[in-house]
Amino acid sequence: MALGFELKGESMSEIPLVQLLTPEGERVTHPEYESTLGKDEVFGMHRDMTIIRRLCNEATSLQRQGQLALWAPLQGQEAAQIGAGRALEPMDFTFPSYREHGIAWCRGIPPENWLRLFRAVDHGGWDPQQYRHSVPTIVIGNQALNAVGYAMGVQRDGAEEATMVFFGDGATSEGDVNEAFVWAGSFDAPIVFFVQNNQWAISEPTVRQSKIPLYRRAEGFGFPGIRVDGNDVLAVHEVTKRALAHAREGGGPTLIEAFTYRMGAHTTSDDPTRYRIDAEVEVWKHRDPLERVKAYLVRQHQVPASEFDATIAEADALAAKLRADVLAMDSPDPLSIFEFAYADVHPLIEEGKRDMIELGVGGGAH
Amino acid sequence: MSTREFLLPDVGEGLTEAEIVVWKVAVGDTIALNQPLIDIETAKATVELPSPYAGVVTKLHGEVGDVVPVGAPLIEIEVGGSDAAPPASSAESATAPQGEGRTAVLVGYGVATDEGAPTRHRRRGGAVTTPVAAPPAPPVPVTPSTNLLAPRSTPPVRLYAKQHGIDIGSIRGTGRDGLITRSDVERVVSGGTTRVASVPAAPTGVTRFVGHELAPWESGPKEERIPVRGVLRSMADAMVQSAFTAPHAAAWVRVDATKSVELLSALKARPSMANVRLSPLTLVALALCDAARHFPGINSRFDDTAGEVIVRRSVALGIAADTPRGLIVPNIKDADALDLVGMANALTTLVEKARAGTTTPNEMIGTTLTITNVGPFGIDGAMPILPPGTSAIVAVGQIAKAPWVVDDEVVVRHVVEIAMSFDHRCIDGALASSVLAHVGRFLNHPAPALLAR
Amino acid sequence: MAQMTMAKALNEGLRRALEDNPKVLLMGEDIGKLGGVFRVTDGLQKDFGEDRIIDSPLAESGIVGTAVGLAIRGYRPVCEIQFDGFVYPAFDQIVSQVAKLHSRSHGVYKMAMVIRIPFGGQIGAIEHHSESPEGYFAHTAGLRVVSPTTPNDAYWMIQQAITHDDPIIFCEPKCRYWEKGEVDLDRPPRGLFDAHVAREGSDVTVVAYGPSVRTAVRAAEAASAEGRSVEVIDARSIAPLDLPPMVASVQKTGRLVVVAEAPANASVASEIVARLTEECFYSLRAPALRVTGYHTPYPPSRVEEEYLPNIDRILDAVDRVMGFES
């Protein structure tokens, strides 16, 4: 069975990538990157990761209990998303796929809003302009082109804002993503392509998508690419911060490959036991993003257990609130399907609304 | 404190059922929200189900190895105790949010399962029907494919027919392939008062013969050959069979039918009779049926094969009808049971169906007595040929004003001639004469005869 | 005879096709090791190998575009598009190459390929997983479009489609994947492009295809309880339409209702109405009506019941055509 990478010995030192914190929680240096984060900021990121992992687990439970149509878990990718999310400036704009719950958290979107899509009561869930985080994109890779276009708009406005777009290793095969790279290169778009290489596109390993490491694709398109340990929140944060600044300052696009692992299934409809082996998952358990940060905080900063307990309690409380919010999430009024189909009045919309009303549907409690 | 049931949900893996692999809780256990309850085996994997409730386990449904269908109860939990777990909202349900069973298809909530007979829930105009409130009407049996086609016409013609209250399906189309044209409808519309139980007034030139449209004298071929088929064949065969089997004899009577004419006028003027087509034929039919009740022998037939004369005590009254396809003799079953209005309506229907070509096979067989109405042609009488299987046929001539002797004075009366052909093997002259006289008396003085019924 | 789900029937049909002709190839995302997200290709890679059952990179345009090349080379590719909402990257290849190469090459190239698409709603899914794109393909000359609605049809139609020399868009109603039915393993029920009278009746003709056929039959059952006899025709072939049985039916009943999930504007349903009105003009007692999804993007599936043609809306159309003359 093909794996997404070659397991050479126990360490990843043979794959060049940026790392500042080892899986064991030891700080290491890198010739080009350095973390200047203090204890509180690092603890804050641990808190972020704890919360989104807890909320993600709660969502999985809700799906297993029939309260969500589907859930796409981000187990294992917490550091990639929190590290990137906390590197954003308020005016930067982000374009997610459908798994960026950690980015949504960083952008301040209430958790129940992320679940509206999965509860099948909404195709979006929040005001993208208010949160500067676009609505989810389920069609793989579409958002890459959209994000580059947005960045070209920022360019023409002369604004000092970066745009960051998220997609996975599978998406890099889609035409849209490659075309996005072409455009970004040709126009020096102020964009960061944040690729979470979690090794699997449903059942297909990354080798099926690309013969070479993904970060090296960027060179072919004319801009820098960099691979970072996606489970190292410090490294992800530094690399992303620099790439965003580079874009904001007119330096053009960067491709960041966050090398991580999809610990769970593609979605709650998927069964990974059909195509990957447990041994591989075990290896990545030892690279857990939360464990290494906790180890570091305890060892280097003597953070007491009570503070971690407080984080867990906070996460549990947020999970309980999420549960209550989801259970209270009602189906929309059927008439609402007509509301935003068009910006302007349309005869077929008027006809449809009339028809639905005459049939006694909608307009009231459903 | 209340007991909640957790039903086996669809876990999005193509599940219609699952096997219980291991229980992770036992009855009496106090459990927390999301605590693992059970491992179930789906088609290819084992899935752990977390508890949707916090509380105390009161019942486990099923043992290790049992196969449970989706939607069936798995476990019962008593909730609302002093647990620290947050209380569930009252809107919570352990089943799929739509509150109905769903069959998993690997993605999404799944397909709604169709339970029970399908019914309508809402109608246009706001009436919300409550399903299963009333017992369902007996279902319409599915009609097997027949060769019957929907009437062929065009929208403007359909509208025209609708505006005049005419069922387009009752009109015989003369257009190509039976297309119902505007003039077909117009004919029926203006036909108005001629939609009576008698054949319409004869035109001065008949272009139809033996069911075919004849080209005019000047332009048609000198010798035209028409194949003997269909209705023509039937008529010819019946006539031959009858004429060369039954010795026909005839009798006739002239009747002063003035009182019948006056009665019909008076009845027609009544509002209650507005939709009933009354005619002399109605009274003749009633008279003949009445005669059969008094003289059952007239309603018989001579069965040579069995060597029997069969007397029937129910009249299937045949009426000779001229249609575009030729002469047919459909009958009215149990005509002797009909009263004035019933007979009038039956005759109207019979003629309309004959004209439209929708007479059923059943209506064509079993005739016991027949009337042929030659009056509309201005003819006084005829010696018709018996339809096979009958012993008597009555021909009714025109009712016309003629001089008549009343109280030794010559006056003008409505006079009609009734003739009868009969099978002399079983009907003798005395019987035939008695029947004719009875019919004559009925037409001469109808009111007592009608009231006597 | 065997009882099986539609997904299993497709699996068995594909297996037979692979056994019958070594040139048959399958390609698509996750069809190999995983056996397809709906398990339609379950077990096939194990038996026929990775060269014939290909796990494709994540690019629909790539799947179809490379299939074109394989067809030119003499193979018979069977492409799987994972979900209806994801076919659009491949639309260019389908319309520009698959539909036109036979013509462009004066018959030298045979685009003998099948593109399988799970389509339609009624499964409570999230966005892009409940689409009805068949209209775009029905509209494109050079393509044929069919949809099986029973396991028996699925088993035979997939084999018939693979052996056919024209490119066929094979629309599989995903809400029916798990319904079981009898499959006759010995003889096909009818030709690939034949319509089928799913339920006999005499008052109204309802023509439907794909996921709507079962809804139409259930509506006919409800109509029967209300004293009306509804005939349901499963079109089976969306393009070309098998008109004679539909014509015979409308000539018998004089009334036509067409049911489909795809919104009515410029749709397959509209084409059925136009053709049958032309052929049966003199028989129609009422205008033909379409009962379809409304003219909006497919809604969040918690309200899909009210968006799609359901029993109430179909019966409402039956009311209207039956009441037209009075």
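Residues numbered from 1 in each chain as written. Chains lettered and ligands numbered in written order. Predicted model: local features only at pLDDT ≥ 70, side-chain atom pairs only at ≥ 80, totals over all residues. Heavy atoms only, no water.

Some points on the pattern of salt bridges
All names here are of chain C.
- With the rule as written, the count across this model stands at 55 salt bridges over all chains.
- The partner of Arg76 in a salt bridge is Asp165, and the shortest N-O contact between them spans 2.5 Å. Residue Arg76 is located in strand β4 (residues 76–80), and its partner Asp165 is located in the loop between α7 (151–163) and β7 (168–173); the two are separated by 89 residues in the primary sequence.
- Classification of Arg76 as buried rests on a relative accessible area of 17%. (Salt bridge = Lys/Arg side-chain N within 4 Å of Asp/Glu carboxyl O. Helix = DSSP H or I, 4+ residues; strand = E, 2+ residues; numbered from the N terminus. Buried < 20%, exposed > 50% of the residue type's maximum accessible area, 1.4 Å probe, protein only.)

Observations concerning the environment of C:Ile272
All names here are of chain C.
- In this structure, Ile272 sits in helix α10 (residues 268–279).
- On the basis of relative accessible area, Ile272 is assigned to the buried category, the value being 1%.
- Note: C-alpha distance between Ile272 and Ile238 (34 residues apart in sequence) is 9.2 Å.
- Contact partners of Ile272, with chain neighbours within four places excluded, come to Val207, Leu241 and Val258. (Contact = heavy atoms within 4.5 Å.)

Quick look at a nonpolar patch on the surface
Residues and elements named next belong to chain A.
- A grouping of Val182, Trp183 and Phe187 is seen on the molecular surface, where their side chains present a nonpolar patch of about 270 Å² in accessible area.
- Within the element layout of this structure, Val182 appears in helix α7 (residues 175–187).
- What makes Val182 partly exposed here is its relative accessible area of 39%. (Patch = residues over 30% accessible without salt bridge, like charges linked within 9 Å, V, L, I, M, F, W, Y side chains within 5 Å. Areas by Shrake-Rupley, 256 points an atom, 1.4 Å probe, with all protein chains shown as cover.)

Some details on the sheet that holds strand β3 (residues 191–197) of chain A
Residues and elements named next belong to chain A.
- Read from one edge to the other, the open sheet built from five strands follows the order β1-β2-β3-β7-β6, with strand pairing classed as parallel. If you trace the sheet from one side to the other, it starts and ends with β1 (93–95) and β6 (225–229), each paired once. Neighbour-to-neighbour, the strand axes of the sheet open up by a mean angle of 20 degrees, direction not taken into account.
- Pairing of β1 with strand β2 (residues 163–168) involves three bridges; the strand directions are parallel. Considered in β2, the bridge of Phe93 is made with Thr163.
- Docked against the sheet, helix α2 (residues 78–85) engages β2, β3 and β7 (254–259), running at close to 165 degrees with respect to β3. (Pairing = 2+ DSSP bridges. Axes fitted to C-alpha atoms, helices over the stretch in contact; angles between N-to-C directions.)

Description of the domain arrangement of chain A
- Assigned domains of chain A: these are domain 1 (12–331) and domain 2 (333–366).
- The straight-line distance from the C-alpha centre of domain 1 of chain A to that of domain 2 of chain A is 38 Å. (Domains from an automatic or database assignment.)

Examining the nonpolar core
- A:Leu115, A:Phe194 and C:Leu26 are the most contacted members of the largest nonpolar core, which totals 116 residues.
- For this core, the element with the highest residue contribution is helix α1 (residues 39–64) of chain A, accounting for 10 residues.
- With sequence-adjacent residues up to four places away left out, C:Leu26 is seen in contact with C:Leu14, C:Leu18, C:Ile31, C:Thr41, C:Leu44, C:Arg52, C:Ile53, C:Ile54 and C:Val78.
- If you look at the next biggest cluster of nonpolar residues, it comprises 49 residues, including B:Leu264, B:Ile298, B:Ala335 and B:Val394. (Core = buried A, V, L, I, M, F, W, Y, C linked by side-chain atoms within 4.5 Å.)

Things to note about the confidence of the model for chain B
Residue and element names in this part refer to chain B.
- Averaged over all residues, the pLDDT of chain B is 81; the fraction at 70 or higher stands at 82%.
- Counted against residues more than four places away or in other chains, residues 82–100, with its pLDDT under 50, gives 32 contacts.
- Ignoring residues within four places in sequence, the model shows residues 131–147, a span with pLDDT below 50, making 20 contacts including any to other chains. (pLDDT = per-residue confidence, 0-100.)

Remarks on the interface of chain C and chain B
- Facing 48 residues of chain C, the contacting portion of chain B comprises 42 residues.
- For the pair chain C and chain B, the two sides together bury roughly 3,700 Å², of which 50% comes from carbon and sulfur.
- At the boundary of chain C and chain B, one finds six salt bridges.
- Between B:Arg120 and C:Asp319 there is a salt bridge; the shortest N-O distance is 3.0 Å.
- Mapped onto the side of chain C that touches chain B, the elements with two or more residues apiece are α8 (212–225), α9 (243–253) and α12 (311–322) of chain C.
- Residue composition of the side of chain C that touches chain B, by class: 15 nonpolar, 14 polar and 19 charged. (Buried area = accessible area lost by both parts, 1.4 Å probe. Nonpolar A, V, L, I, M, F, W, Y, C, P; charged D, E, K, R; others polar.)

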